[in-house]
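# Inside the fold
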Amino acid sequence: MNRRMWIELDGWQAKLRFSACHFIPNHPKCGHLHGHTYAISVKIVGQQIGNFVIDFEDLKRYVGQICETLDHKTLLASQDESTQITKTETGDIAVTVGTSRKRYCFPKEDVVILPINSVSAEDLCSHLLDELCNKLDLSTLSEVSVRLDEGLGQGAGSVRHFPQREGDSGLG
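Reference entry: report on the structure contained in this document. Model, not experiment: these values are computed from the prediction.

Now for unusual backbone geometry. Of note in this structure, Lys15 is not a glycine but carries a positive phi near 60 degrees. Tracing the chain through its elements places Lys15 in the loop between β1 (4-9) and β2 (17-22). Even without being a glycine, Arg101 presents a positive backbone phi close to 60 degrees. Tracing the backbone through its elements, the reader meets Arg101 in the loop between β6 (93-97) and β7 (102-106). For Arg101, a relative accessible area of 55% gives the class exposed.

The following block contains the structure:
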């Protein structure tokens, strides 16, 4: 009998974490440069092939690679219409922020510019889900979920569903 199974990784317990700086332009509190220790948790639903839906070690490695690219960086959203991101003559990253006209200049090696609308937990989470799905063999999976916590007790989740696979009889 074919069964859909799921596996889960708790980002806090599995140490799938990164620390990063960001700001949400024009927000009264989050508009200030600040940081979080984030944790990425994952749930994958799919067909068990052989012993696994996906090997935990492979999944931890994929999520760990994502964490490594973001760890101890300043995160900027390239599609945020309220910020202007430019390179200086020395290659550093200059940012002018919305109506406040705040200006920041960061060393280029300290910045990750992401192709998202904002660096909110919601947009970051959706981006991380896309990044993870790009690393996975999706052929036997029906759902991939990512939760991004920006501290204990608060975070955002995003899920991607894949078409029902032939012979997939559902849970149970």
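Bridging between β6 and β7 involves 5 bridges; their strand directions are antiparallel. Bridge pairing in β7 links Val97 to Lys102. Between β6 and the antiparallel strand that follows it, β7, lie 4 residues; Gly98 among them carries a positive phi value of about 30 degrees.

A separate point is the nonpolar core. One finds Ile40, Ile44, Leu59 and Leu132 to be the most contacted residues of the largest nonpolar core, which totals 38 residues. Mapped by element, the contributors of at least two residues to this core are β1, β2, β3 (34-47), α1 (56-70), β4 (73-77), β8 (111-114), α2 (121-135) and β9 (141-149). Among the elements that line this core, the one with the most residues is α2, at 7 residues. With sequence-adjacent residues up to four places away left out, Ile44 is seen in contact with Met5, Trp6, Ile7, Val53, Ile54, Leu59, Leu136, Leu141, Glu143 and Val144.

This part is about the sheet that holds strand β5 (residues 83-87). The 3 strands are arranged β5-β6-β7 in an open sheet whose pairing can be described as antiparallel. Each of the sheet's edge strands pairs with one partner strand only, and the pair in question is β5 and β7. The mean angle between the axes of side-by-side strands here comes to 15 degrees, regardless of whether they run parallel or antiparallel.

What the rule picks out here adds up to 3 aromatic pairs. Ring centres of Phe18 and Tyr38 lie 4.8 Å apart, and the angle between their planes is 20 degrees; on these two criteria the pair is classed as stacked. Note that Phe18 is positioned in strand β2 and Tyr38 in strand β3, a separation of 20 residues in sequence. Looking at Phe18, the relative accessible area reads 1%, which means it is buried. Each ring, one from Tyr104 and one from Phe106, has its centre 5.8 Å from the other, and the planes form 20 degrees; the classification is stacked. By relative accessible area, Tyr104 is classed as buried at 18%.

How each quantity is defined
Residues numbered from 1 in each chain as written. Predicted model: local features only at pLDDT ≥ 70, side-chain atom pairs only at ≥ 80, totals over all residues. Heavy atoms only, no water. Helix = DSSP H or I, 4+ residues; strand = E, 2+ residues; numbered from the N terminus. Buried < 20%, exposed > 50% of the residue type's maximum accessible area, 1.4 Å probe, protein only. Pairing = 2+ DSSP bridges. Core = buried A, V, L, I, M, F, W, Y, C linked by side-chain atoms within 4.5 Å. Contact = heavy atoms within 4.5 Å. Axes fitted to C-alpha atoms, helices over the stretch in contact; angles between N-to-C directions. Phe/Tyr/Trp six-rings, centres within 6.5 Å; stacked < 30°, edge-to-face > 60°.

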